[in-house]
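# Architecture at a glance
Each chain, written out:
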Amino acid sequence: MKYLYRIYQLFIAAPVILVATIITAVTVTIGCMLGNGHFWGYYPGRWWGWVIIRVLLLPVKVEGRENLQSGQSYVFVSNHQGAFDIFLIYGFLQRNFKWMMKRQIRNIPLVGLACEASHQIFVDKRGPSKIKETYTKARATLKDGMSLVVFPEGSRSFTGHMGVFRRGAFMLADELQLPVAPLTINGSFNVMPRMRDMHFVNWHPLTLTIHKPIAPVGQGADNIKHLEQESYQVVMSGLVPEYQGYVENPDQ
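Attention in this report is confined to the structure presented alongside it. (Residues numbered from 1 in each chain as written. Predicted model: local features only at pLDDT ≥ 70, side-chain atom pairs only at ≥ 80, totals over all residues. Heavy atoms only, no water.)

## Observations concerning the packing of helix H3 (residues 43–55) against helix H4 (residues 84–92)
It is the contact of H3 with H4, at a shortest axis distance of 7 Å, that shows an interaxial angle of 120°. The orientation of H3 with respect to H4, classified from their angle, is oblique. When you trace H3 past H4, the crossing you get is left-handed. For the pair H3 and H4, contact is made by Gly45, Arg46, Trp48, Gly49, Trp50, Ile52, Ile53 and Arg54 and by Phe84, Ile86, Phe87, Leu88, Tyr90, Gly91 and Phe92, respectively. Taken together, the residues that form the contact of H3 with H4 break down as 10 nonpolar, 3 polar and 2 charged. (Axes fitted to C-alpha atoms, helices over the stretch in contact; angles between N-to-C directions. Helix = DSSP H or I, 4+ residues; strand = E, 2+ residues; numbered from the N terminus. Parallel < 35°, antiparallel > 145°, perpendicular 65-115°, else oblique. Left-handed = near helix turned anticlockwise from the far one by under 90°. Contact = heavy atoms within 4.5 Å. Nonpolar A, V, L, I, M, F, W, Y, C, P; charged D, E, K, R; others polar.)

Next up, the structure:
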């Protein structure tokens, strides 16, 4: 069965994913240039994430969608087990949002152009002025009623376990007094760990758990600490026992 699945990936899934990626990138880029960036920056990507997971025959379970209120902006924070975190959130969260992503993604052909055209937020750490520019753009996006998805670890896990959370997302949530909505992803590391990028996909179920949002408790340093610590504990609590517990990530 393992080798049949690999043959299927090579001759059916891979061509479909390649075509879907090109169509999505071009559609997002042109759509955002011509019209509503909030629409074109999200819905084609949502279709793309859904198609990739479905064509690879990966089972998906979403828990806790009832915890989100219609019309409310959130700062979503998630663990980062692997590349399939992106497809799972895009395809199955069912909330319009912008990504906060590494600036290196801008260099990916077509995909980087689409991300820039759709006003995704690139994190640039090349000096104080670049960092300030990143958070200025994020503040403007959230004030416009949009939600934001952040991987506070900043990089994918090498072990499936969580590293530490960086404070940036929680500082934004504090400044704008927005609730933080923790997400826990299970299965992405089993599907494709980062050590096997661009290799064959392993068949494994994926689960996206949407926890109850954490409301601000005041404003300032104490609230930032509260949001960060509470989010970390909640995300960790949703992991399967195999990946419970902190493990240092040397890439952070």
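## Focus on a nonpolar patch on the surface
On the surface, Met1, Leu4, Ile7, Leu10, Phe11, Ile12, Val16 and Phe200 cluster together into a nonpolar patch covering about 850 Å² of accessible area. Of note, Ile7 is situated in helix H1 (residues 2–34). (Patch = residues over 30% accessible without salt bridge, like charges linked within 9 Å, V, L, I, M, F, W, Y side chains within 5 Å. Areas by Shrake-Rupley, 256 points an atom, 1.4 Å probe, with all protein chains shown as cover. Salt bridge = Lys/Arg side-chain N within 4 Å of Asp/Glu carboxyl O.)

## Things to note about the side chain of Ser157
The topology assignment puts Ser157 in the loop between strand E5 (147–150) and helix H7 (168–176). There is a polar contact of 2.7 Å between the side chain of Ser157 and the backbone nitrogen of Gly160. Contact partners of Ser157, with chain neighbours within four places excluded, come to His80, Gln81, Phe189, Arg194 and Asn249. (Polar contact = N/O pair within 3.5 Å; in protein donor to acceptor, adjacent residues only side chain to side chain.)

## Quick word on empty space enclosed by the protein
To find the voids left in a structure, one rolls a probe of water-molecule size over its atoms. Per the stated rule, a full pass over the model turns up 1 cavity of 30 Å³ or more. One number sums up the size of the largest cavity: a volume of about 40 Å³. Around the largest cavity, the lining residues are Glu153, Ser157, Phe158, Thr159, His161, Met162, Gly163, Val247, Glu248 and Asn249. Grouping the amino acids of the lining of the largest cavity by side-chain chemistry returns 3 nonpolar, 5 polar and 2 charged. (1 Å grid on protein atoms, 1.4 Å probe; cavity = no way out; pocket = protein on both sides within 12 Å on 5 of 7 lines; lining within 4 Å. Points joined across faces, edges and corners; volume = space filled by probe spheres on them.)

## Regarding the pattern of salt bridges
A full pass over the atoms with the stated rule returns 6 salt bridges. Across the pair Arg167 and Glu228 runs a salt bridge whose closest N-O atoms are separated by 3.8 Å. A residue pair is termed long-range when its members are at least 10 positions apart, and Arg167 in the loop between E5 and H7 and Glu228 in helix H9 (residues 221–237) qualify at 61 residues. Overall, Arg167 belongs to the partly exposed group, its relative accessible area being 41%. Arg194 is the partner of Asp251 in a salt bridge, and the nearest nitrogen-oxygen pair spans 3.1 Å. Placement of the pair is Asp251 in the segment after H9 and Arg194 in the loop between helix H8 (188–191) and strand E7 (206–210), with a sequence separation of 57 residues. (Buried < 20%, exposed > 50% of the residue type's maximum accessible area, 1.4 Å probe, protein only.)

## Things to note about the sheet that holds strand E6 (residues 180–186)
The strand order across the open sheet formed by 7 strands is E1-E7-E6-E2-E5-E3-E4, and the pairing between neighbours is mixed. Each of the sheet's edge strands pairs with one partner strand only, and the pair in question is strand E1 (60–63) and strand E4 (121–123). Strand-to-strand twist across the sheet, computed as the mean angle between neighbouring axes with direction ignored, equals 20°. In this structure, E6 lies alongside E7, joined through 4 bridges in antiparallel fashion. By the bridge assignment, Leu183 is partnered in E7 with Ile210. Each of strand E2 (75–78) and E6 is contacted by H9, which is oriented at about 30° to E6, the strand it contacts most. (Pairing = 2+ DSSP bridges.)

## Digging into H3
Helix length check: H3, at 13 residues, gives a terminal C-alpha distance of 18 Å against a target of 18 Å (1.5 Å per residue), a fit within 8%. Turning to H3, its buried residues are Pro44, Gly45, Trp48, Gly49, Val51, Ile52, Ile53 and Val55. One or two steps after H3, the chain reaches Leu57, where phi turns positive at roughly 65°. (Expected span 1.5 Å × (residues − 1).)

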